[in-house]
Amino acid sequence: MLCESCGKNPVTTHVKTIINGKLTEYLLCAECAQRLGYGNLLTELGCNYGSLLGEFFGEAERTDSVRCQCCGSSFNDIVRSGKVGCAECYHTFYDRLIPLIQRIHGDTNHRGKVPGGSMLRKPPQEQLSLMRRELREAIRTENFEQAANLRDRIKELEGGNSHG
Amino acid sequence: MDDLRENGSEQDVVIRTRIHLTRNLRDIPFPSKMNRTDRLTLVHKAMDAVEENKALSHILRYMDMGSLSKTEAVSLVERYLVSAEFISDCEGRGVFITDDESMSIMVNEEDHIHIQSSLWGLNLENAYQKADILDDLLNRSLHFAFDKDLGYLTQNPVKLGTGMRASLILHLPALRGSGGIVRISSNLSKLGLSLRGVFETGEDSKGAVYQLSNQVTFGISEQEAIANLKSIATQLIHQERALWEELAEKPEIQDTVSRSLAILQSAKMMAYDEFLQLASNVRFGISVGLIGDIRSDQLNRLIIAMQPATLTLRSGKKLTQNERRILRANQVRDLLYK
């Protein structure tokens, strides 16, 4: 692959910049990288390039020796890119990520599905209460066909309960 | 899965319901950290997961994005089977699609696995149930990354939680005409919902087709998110319908509807943008009872099928822009002219 700037030399440097949350990528040869100011990229990255999320997360700690065993990310990498490297990162950096996650989502926990816990296997009581709510809504909006259907399904479930 | 009701309600306003689930695997880096080998490993794992399960292998077929032509790839976006971002870099990406195109699984999008289910009309519960079952079946072999406090783990921490995005495609010509969309849209964003034009250029939303979807995935269950979305959608539907009666009595509106139908029934060449606007007018005419012998669902399908790449793909040959416009006008005439 040839350098995107000069179009002559092979690519040696892959530059990703995130400015105001917009990701731009350049594939450059060593010469052009130097010329365009990406020569000492490794030392500059830490202070010059920040994403929106990076700013949101606050200033990253500059010295960071802990790296995720699965993907090699440091906590700085995550803050800088606004992207978590892999599922394992959530464990590796749990204590440091939690305050950031709370700043995004507020002090709350996951309340939705647990893997394998399909709606079909939800306790019948929970399904029933959901369906009764839908039934009320269907009647309120005069959607009688849907209401009749729901009523039948609720009857079925209730019937199942009395036998079980 | 076949016994679920496929036909949703409120089809005069709601064109389509879509449920989208974002999932990742534990032992492979997230996409921004993936190399080519990781992408291929994930594709193979997904293929194995589908093949191991007869319920899945019977209904899903795989397409390697890297081997598709530009037209084929764009058509997948037009048919809402993959995202526009997905085809910007097709290398090492793939998609599983059911024959009826109601479900798809993108592999290697912004997160590892994107499950999508869509149905016509307002049909959130059934669409969710289908995606939910697909999610469970895939999870048996892929063991999605999950934390009991954080929910499904995602590359972007903003998307943690259920990983569920529920969307409704709405046709809101009267609300758009009344200039109410901007106000509604800003109010909805305060409620954690978004309303935006589907065929958008700048401020203008062509054809008055909008997408209403939930933004919040954390601290709320799938059922609650769906119930919220449904309740807001119901209000929007009522607001839209409340304007109809008065509009339908205006001669100018009746004229626009009749002229739009006449053009669709007689034009010899038609650009997609023009088609979309005319179809929107006619769809409105059907909804308010000004047009009786055409059904909204026929137009819904045309709105998808008449898009440039999909039209070209189904013609089976390369078409110039003019040839496309001629073919589009022919097909629209055939369907609408009695």
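Attention in this report is confined to the structure presented alongside it.

The rules behind each value
- Residues numbered from 1 in each chain as written.
- Chains lettered and ligands numbered in written order.
- Predicted model: local features only at pLDDT ≥ 70, side-chain atom pairs only at ≥ 80, totals over all residues.
- Heavy atoms only, no water.
- Salt bridge = Lys/Arg side-chain N within 4 Å of Asp/Glu carboxyl O.
- Buried < 20%, exposed > 50% of the residue type's maximum accessible area, 1.4 Å probe, protein only.
- Helix = DSSP H or I, 4+ residues; strand = E, 2+ residues; numbered from the N terminus.
- 1 Å grid on protein atoms, 1.4 Å probe; cavity = no way out; pocket = protein on both sides within 12 Å on 5 of 7 lines; lining within 4 Å.
- Points joined across faces, edges and corners; volume = space filled by probe spheres on them.
- Nonpolar A, V, L, I, M, F, W, Y, C, P; charged D, E, K, R; others polar.
- Pairing = 2+ DSSP bridges.
- Axes fitted to C-alpha atoms, helices over the stretch in contact; angles between N-to-C directions.
- Domains from an automatic or database assignment.
- Parallel < 35°, antiparallel > 145°, perpendicular 65-115°, else oblique.
- Left-handed = near helix turned anticlockwise from the far one by under 90°.
- Contact = heavy atoms within 4.5 Å.
- Phe/Tyr/Trp six-rings, centres within 6.5 Å; stacked < 30°, edge-to-face > 60°.

Our next topic: the pattern of salt bridges. Under the defined criterion, the tally for this structure stands at 24 salt bridges over all chains. A salt bridge links Asp297 of chain B to Arg295 of chain B; the shortest N-O distance between them is 3.0 Å. Since its relative accessible area comes to 49%, Arg295 of chain B is described here as partly exposed. Its salt-bridge partner being Asp297 of chain B, residue Arg301 of chain B comes within 3.8 Å of it at the nearest N-O pair. Pair noted here: Arg301 of chain B and Asp297 of chain B are both in helix H11 (residues 296-305), with a separation of four residues, about one helical turn. Connected through salt bridges with shared partners, the residues Lys113 of chain A together with Arg23, Asp132, Asp135 and Asp136 of chain B form a single ionic network.

This part takes up the layout of surface pockets. Residues and elements named next belong to chain B. Roughly 1,100 Å³ of volume is contained in the second largest pocket. In this structure, the second largest pocket is lined by 34 residues; those nearest its centre are Arg18, Ser83, Arg165, Arg196 and Gln211. Broken down by class, the residue content of the lining of the second largest pocket amounts to 14 nonpolar, twelve polar and eight charged.

Residues and elements named next belong to chain B. Here eight strands make up an open sheet; going across it, the order is S2-S3-S4-S5-S1-S8-S12-S9 and the pairing antiparallel. Two strands lie at the open edges of the sheet, namely strand S2 (60-64) and strand S9 (193-197), each paired on one side alone. Strand-to-strand, the axes of this sheet are offset by a mean angle of 20 degrees, without reference to chain direction. Pairing analysis gives five bridges linking S9 to strand S12 (residues 209-214), with the strands arranged antiparallel. Residue pairing across strands places Leu193 opposite Asn214, the latter belonging to S12.

Bringing empty space enclosed by the protein into the picture now. Unfilled space is identified by rolling a water-sized probe across the atoms. Residue and element names in this part refer to chain B. Summed over all chains, the structure comprises one cavity of 30 Å³ or more. Of the voids in this model, the largest cavity is the one considered here, and its volume is about 80 Å³. Lining of the largest cavity is provided by Ile15, Arg16, Tyr80, Trp120, Ile169, Phe199, Val209, Asn300, Ile303 and Ile304. Counting only elements with at least two residues in the lining of the largest cavity, the list comes to strand S1 (14-23) and H11. The dominant element in the lining of the largest cavity, judged by the number of residues it contributes, is H11, at three residues. Of the residues contributing to the lining of the largest cavity, the split by class is eight nonpolar, one polar and one charged. There are two domains that each give the lining of the largest cavity at least three residues, and those are domain 1 (14-241) and domain 2 (247-337).

Our focus in this paragraph is the packing of helix H9 (residues 251-266) of chain B against helix H10 (residues 272-287) of chain B. Residue and element names in this part refer to chain B. One way to put it is that H9 packs onto H10 with a least axis distance of 8 Å and a crossing angle of 125 degrees. As judged from the angle between their axes, H9 and H10 are oblique. H9 and H10 meet at a crossing whose hand is left-handed. For the pair formed by H9 and H10, the contact residues are Ile253, Thr256, Val257, Ser260, Leu261, Ile263 and Leu264 on the first element and Glu274, Phe275, Leu278, Ala279, Asn281, Val282, Phe284 and Gly285 on the second. Looking at the contact of H9 with H10, its residues break down into ten nonpolar, four polar and one charged.

Turning next to the packing of aromatic side chains. Residue and element names in this part refer to chain B. By the definition in use, this model includes six aromatic pairs over all chains. Ring centres 4.8 Å apart and planes at 55 degrees place the aromatic pair Tyr62 and Phe96 in the tilted group. Of the two residues, Tyr62 is situated in strand S2 and Phe96 in strand S3 (residues 94-98); the sequence distance between them amounts to 34 residues. Summarising the aromatic geometry, the rings of Phe146 and Tyr152 are spaced 5.1 Å apart at their centres and angled 65 degrees between planes, so their arrangement reads as edge-to-face. Overall, the relative accessible area of 14% leaves Phe146 in the buried class. The structure contains a cluster of three or more aromatic residues connected by ring pairs, namely Phe199, Tyr272 and Phe275.

With that out of the way, let us pick up the packing of H10 of chain B against H11 of chain B. All names here are of chain B. Orientation of H10 relative to H11, taken along the N-to-C sense of each, is 165 degrees, at an axis distance of 10 Å. Classified by the angle between their axes, H10 and H11 sit roughly antiparallel to one another. Between H10 and H11 lies a crossing whose hand is left-handed. Seen from H10, the contacting residues are Tyr272, Phe275, Leu276, Ala279, Val282, Arg283 and Ile286; seen from H11, they are Ser296, Leu299, Asn300, Leu302 and Ile303. Here the residues of the contact of H10 with H11 sort into nine nonpolar, two polar and one charged.

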